[in-house]
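Commentary on secondary and tertiary structure
Chain residues, written in single-letter form:
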Amino acid sequence: MTRGPKPRASLLATLGLIVSVAGALFVLTGTLAGYGIGLGAFGAVLAVLGLMATRRRHVAGTTDALFGVLIGLAAVVIGVLAMTGQFDWPTTDGDWVQRFREWLDSQFVDRF
């Protein structure tokens, strides 16, 4: 029985997933939505290239690439909607972390 090379994960698929998730996190902050759109688009392109690389024999990472494409495109769509004001959240008008902290403080002011 002949053995081929050991299967390896596609670097492009993995990088595409990582960059797409980073883009989605940037978009969800609201303030960094513009950068998140760029990262999401770049991550989706990397993931598509990674998906093409997984067609070769002994290259794994198809699932990573598919998730990278989906998350990257979702980051772009949500980012564009946030930048055009179509959502209440995320928006680019303020510091949502500070608002969330103030809301948490108001909820638990008498409990601790």
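Here, the structure is the one placed above.
Read on for a plain summary of the structure. This structure is a prediction, so every number in the text was calculated from the model and none was measured. (Residues numbered from 1 in each chain as written. Predicted model: local features only at pLDDT ≥ 70, side-chain atom pairs only at ≥ 80, totals over all residues. Heavy atoms only, no water.)

What follows is about the overall build of the chain. Along its length, the chain carries four helices and two strands. Listing the helices and strands of the chain from first to last along the sequence gives β-α-α-β-α-α. The C-alpha atoms of the chain give a radius of gyration of 19 Å, which is well past the 13 Å a tight globule of 112 residues would have. C-alpha atoms of the chain, sized along the principal axes, occupy 70 × 35 × 15 Å. A burial count over the chain gives 27% of its 112 residues as buried. Excluding contacts between residues fewer than 6 apart, the proportion of contacts in the chain whose partners are at least 24 apart in sequence is 67%. Surface exposure of the chain reaches about 7700 Å², of which carbon and sulfur atoms provide 67%. In the chain, 9 positive and 7 negative side-chain charges are present, and the distance between their average locations comes to 29 Å. (Helix = DSSP H or I, 4+ residues; strand = E, 2+ residues; numbered from the N terminus. Rg over C-alpha atoms; globule rule 2.2 N^0.38 Å. Buried < 20%, exposed > 50% of the residue type's maximum accessible area, 1.4 Å probe, protein only. Contact = heavy atoms within 4.5 Å. Areas by Shrake-Rupley, 256 points an atom, 1.4 Å probe, with all protein chains shown as cover. Lys, Arg positive; Asp, Glu negative; His and termini not counted. Charge placed at Lys NZ, Arg CZ, Asp CG, Glu CD.)

This brings us to the side chain of T54. Here T54 lies in the loop between helix 2 (33-53) and strand 2 (59-60). When neighbours within four sequence positions are excluded, T54 is seen to be in contact with S10, V59, A60, G61 and T62.

Next up on the list: the packing of helix 2 against helix 3 (residues 62-83). Between helix 2 and helix 3, whose axes approach to 7 Å, the crossing angle comes to 155 degrees. Judged on the interaxial angle alone, helix 3 and helix 2 are roughly antiparallel. Judged by the twist between their axes, the crossing of helix 2 over helix 3 is left-handed. Between helix 2, through A33, G34, G36, I37, G40, A41, A44, A47, V48, G50 and L51, and helix 3, the contact on the second element is made entirely by T62, A65, L66, G68, V69, G72, L73, A75, V76, G79, V80 and M83. (Axes fitted to C-alpha atoms, helices over the stretch in contact; angles between N-to-C directions. Parallel < 35°, antiparallel > 145°, perpendicular 65-115°, else oblique. Left-handed = near helix turned anticlockwise from the far one by under 90°.)

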